[in-house]
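Results of the structural survey
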Amino acid sequence: MPTDAAARRHARTLLGRLKKRYPTIRTELDYRSPWQLLVVTVMSAQTTDENVNKVAPALFSRWPEPADLGAANPEEVEAVIFSTGFYRQKTKSIIALSQDLLERFHGEVPRDLDELVTLRGVGRKTASVVLAEVWDLPAIAVDTHVKRVAYRLSLTDETDPTKVETDLRNLYPQKEWSGISMRYIQFGRDVCDSRKPRCWECEMVDRCRFPDKTPFPG
Ligand code: SF4
């Protein structure tokens, strides 16, 4: 993907428009510590933030610290997070990451991408969400929304999340990284839906290469 001056200008224009739409933006996931954000981000796969927020209070009141969750009975955790879907795998991951945190990081979430991804169940996306959200550190989380929107808006020709992340890193200055994902994610949710994008009200329409733009309904 070209990262010349014109491509960087294009990227900057898009982000500028997103900043107008979302002057400030935070994750909709509720959390009270970096560890809690790690856990709820893992749980948010394939479900809505709202669903996760519904079960998180019960989870964290029963297992309030990494040591508690790391020693939890998986079946009891499964029963609490059942409604978020994929509950067996998610239970495994949140218990394992809590154990790893305790064993290798004294229960403290490391502020480093390479260290974070050594925790079982934590991938680049989850790690980047935590770094950007909690500490405003330069990290770009690429989820399905970021991937789709970035492709439609010619910020990448890639579909592999790590390569999309590399393209975005090359297009944006580091000081912008922590504010990128959440805005593209929210834009993907609100406007640039995967199946029925709201192209008729989209401020990016003049910059978009998606061929099947949705006409004004009715
Ligand atoms: S014009 Fe449509 S497809 Fe393109 S970015 Fe906007 S909503 Fe998405």
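How each quantity is defined
- Residues numbered from 1 in each chain as written.
- Predicted model: local features only at pLDDT ≥ 70, side-chain atom pairs only at ≥ 80, totals over all residues.
- Helix = DSSP H or I, 4+ residues; strand = E, 2+ residues; numbered from the N terminus.
- Buried ≥ 20, exposed ≤ 12 C-beta atoms within 10 Å, placed from the backbone.
- Contact = placed C-beta atoms within 7 Å.
- Axes fitted to C-alpha atoms, helices over the stretch in contact; angles between N-to-C directions.
- Parallel < 35°, antiparallel > 145°, perpendicular 65-115°, else oblique.
- Left-handed = near helix turned anticlockwise from the far one by under 90°.
- Nonpolar A, V, L, I, M, F, W, Y, C, P; charged D, E, K, R; others polar.
- Domains from an automatic or database assignment.
- Core = buried A, V, L, I, M, F, W, Y, C linked by C-beta atoms within 7 Å.
- Arc of directions from axis to C-beta.

Some remarks on the overall build of the protein
The number of helices and strands found in the protein is 11 helices and zero strands. In the protein, the order of α-helices and β-strands from amino to carboxyl end is α-α-α-α-α-α-α-α-α-α-α. C-alpha atoms of the protein, sized along the principal axes, occupy 55 × 40 × 30 Å. Across the 218 residues that make up the protein, the buried fraction comes to 36%. When contacts within the protein are restricted to residue pairs at least 6 apart in sequence, those whose partners lie at least 24 apart make up 59%.

Concerning the packing of helix α2 (residues 34-43) against helix α8 (residues 124-135)
Two elements in contact, α2 and α8, have axes separated by 10 Å at closest approach and are oriented at 140°. Our classification of the angle between α2 and α8 gives oblique. Seen from above, α2 lies across α8 with right-handed handedness. The segment α2 lies against α8, with Pro-34, Leu-37, Leu-38, Thr-41 and Val-42 engaging Thr-126, Val-129, Val-130, Glu-133 and Val-134. Considered class by class, the residues forming the contact of α2 with α8 number seven nonpolar, two polar and one charged.

Some thoughts on the domain arrangement of the protein
Annotation of the protein at the domain level lists domain 1 (5-25 + 140-207) and domain 2 (34-135). On a C-alpha basis, the centroid separation for the pair domain 1 and domain 2 is 26 Å. Between domain 1 and domain 2, the contact holds nine residues from the first and five residues from the second. Top element by residues in the side of domain 1 that touches domain 2 is helix α10 (residues 161-171). It accounts for three residues.

Focus on the nonpolar core
Counting 54 residues, the largest nonpolar core has Leu-38, Val-130, Ala-150 and Leu-168 as the members making the most contacts within it. No other element matches the seven residues that α2 contributes to this core. Both of domain 1 (5-25 + 140-207) and domain 2 (34-135) provide at least three residues apiece to this core. Filtering out sequence-adjacent residues up to four positions away, Val-130 remains in contact with Pro-34, Leu-37, Leu-38, Thr-41, Val-109 and Leu-116.

Describing the environment of Thr-13
As for its placement among the helices and strands, Thr-13 is situated in helix α1 (residues 5-21). For the pair Thr-13 and Arg-32, spaced 19 residues apart in sequence, the C-alpha separation works out to 34 Å.

A closer look at α10
Within α10, burial applies to Val-164, Glu-165, Asp-167, Leu-168 and Leu-171. End-on view of α10: buried residues confined to an arc of 160°, all on one side of the axis. Elements in contact with the buried residues of α10: α1, α8 and α9 (144-152).

Looking at unusual backbone geometry
Not every positive phi belongs to a glycine, and His-106 is a case in point at roughly 55°. Inspection of the secondary structure puts His-106 in the loop between α6 (87-105) and α7 (113-116). Of the residues examined, His-106 has 8 C-beta atoms within 10 Å and is grouped as exposed. Residues other than glycine seldom take positive phi values, yet Ser-154 does so here, at roughly 60°. Inspection of the secondary structure assignment puts Ser-154 in the loop between α9 and α10.

A word on the packing of helix α5 (residues 74-81) against α6
The interhelical angle for the contact between α5 and α6, taken along N-to-C directions, is 120°, at an axis separation of 9 Å. On the basis of the axis angle, α5 is oblique to α6. For the pair α5 and α6, the sense of crossing is right-handed. Judged by residue contacts, Pro-74, Val-77, Glu-78 and Ile-81 of α5 engage Tyr-87, Arg-88, Lys-90, Thr-91, Lys-92 and Ile-95 from α6. Residues of the contact of α5 with α6, tallied by class, amount to five nonpolar, one polar and four charged.

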